[in-house]
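Observations on the model geometry
This is what each chain is made of:
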Amino acid sequence: MTKCVMKPSSLGNVSLSPEATLALEDLDLTLNDLLDRHREGDWGSVSPDEVSTNSSSIEDGEGVVLSQYDYTYGVVFIKTCLSPFKNERSTEVLTGWEM
């Protein structure tokens, strides 16, 4: 399967929960690093079914793209809702217990 890449503008409005902010600080990661991985098709440890759903969503320009990044102390999720309408695109960065 070909790697699907989203344009930076596909992320829409990005929101980061307070818990995710703390998790990124604890992990010494930047938001941009994770968003780049997510946007470039490195979706972490999602299932093969989710990879297929992600790819279809990107190809169709609508749907949900989900990434799951597992770390020693927990999980960080990135969820992008794609839409053909720019004002309806959004990305959330959450921890595992917030999903």
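Each remark here, short or long, concerns the structure printed above.
Here is a short report on the structure shown in this document. The structure displayed is predicted, hence computed values, not measured ones. (Residues numbered from 1 in each chain as written. Predicted model: local features only at pLDDT ≥ 70, side-chain atom pairs only at ≥ 80, totals over all residues. Heavy atoms only, no water.)

Moving on, we get to helix α1 (residues 18–27). In an α-helix, one turn spans 3.6 residues, which is why side chains three or four residues apart end up on the same side. Every buried residue belonging to α1 is among Ala 20, Ala 23 and Leu 24, and all of these are buried. Buried residues of α1 fall within an arc of 100° about the axis and therefore sit on the same side. Turned more than 90 degrees away from the buried face of α1 sit Pro 18, Leu 22, Glu 25 and Asp 26, all of them exposed. On its buried face, α1 sits against β1 (13–16), α2 (31–39), β3 (74–82) and β4 (90–95). Asp 28 sits one or two positions beyond α1 and adopts a positive phi of about 55°. (Buried < 20%, exposed > 50% of the residue type's maximum accessible area, 1.4 Å probe, protein only. Helix = DSSP H or I, 4+ residues; strand = E, 2+ residues; numbered from the N terminus. Arc of directions from axis to C-beta. Contact = heavy atoms within 4.5 Å.)

In this section: helix α3 (residues 48–60). Across its 13 residues, α3 extends 18 Å between first and last C-alpha, which sits within 8% of the 18 Å expected from 1.5 Å per residue. All buried positions along α3 are accounted for by Asn 54, Ser 55, Ser 57 and Ile 58. Down the axis, α3 shows its buried residues gathered within 160° of arc, on one side only. In this structure, α3 carries Pro 48, Asp 49, Glu 59 and Asp 60 as exposed residues pointing more than 90 degrees from its buried face. Residues of α3 that are buried sit in contact with β2 (63–71) and β3. Residue Gly 61 follows α3 closely and has a positive phi angle near 75°. (Expected span 1.5 Å × (residues − 1).)

Counting 17 residues, the largest nonpolar core has Met 6, Leu 34, Trp 43, Ile 58, Val 65, Ile 78 and Val 93 as the members making the most contacts within it. Breaking this core down by element, the ones donating at least two residues are α1, α2, β2 and β3. Apart from residues lying up to four places away in sequence, Ile 58 is in contact with Cys 4, Val 5, Met 6, Trp 43, Val 65 and Leu 82. (Core = buried A, V, L, I, M, F, W, Y, C linked by side-chain atoms within 4.5 Å.)

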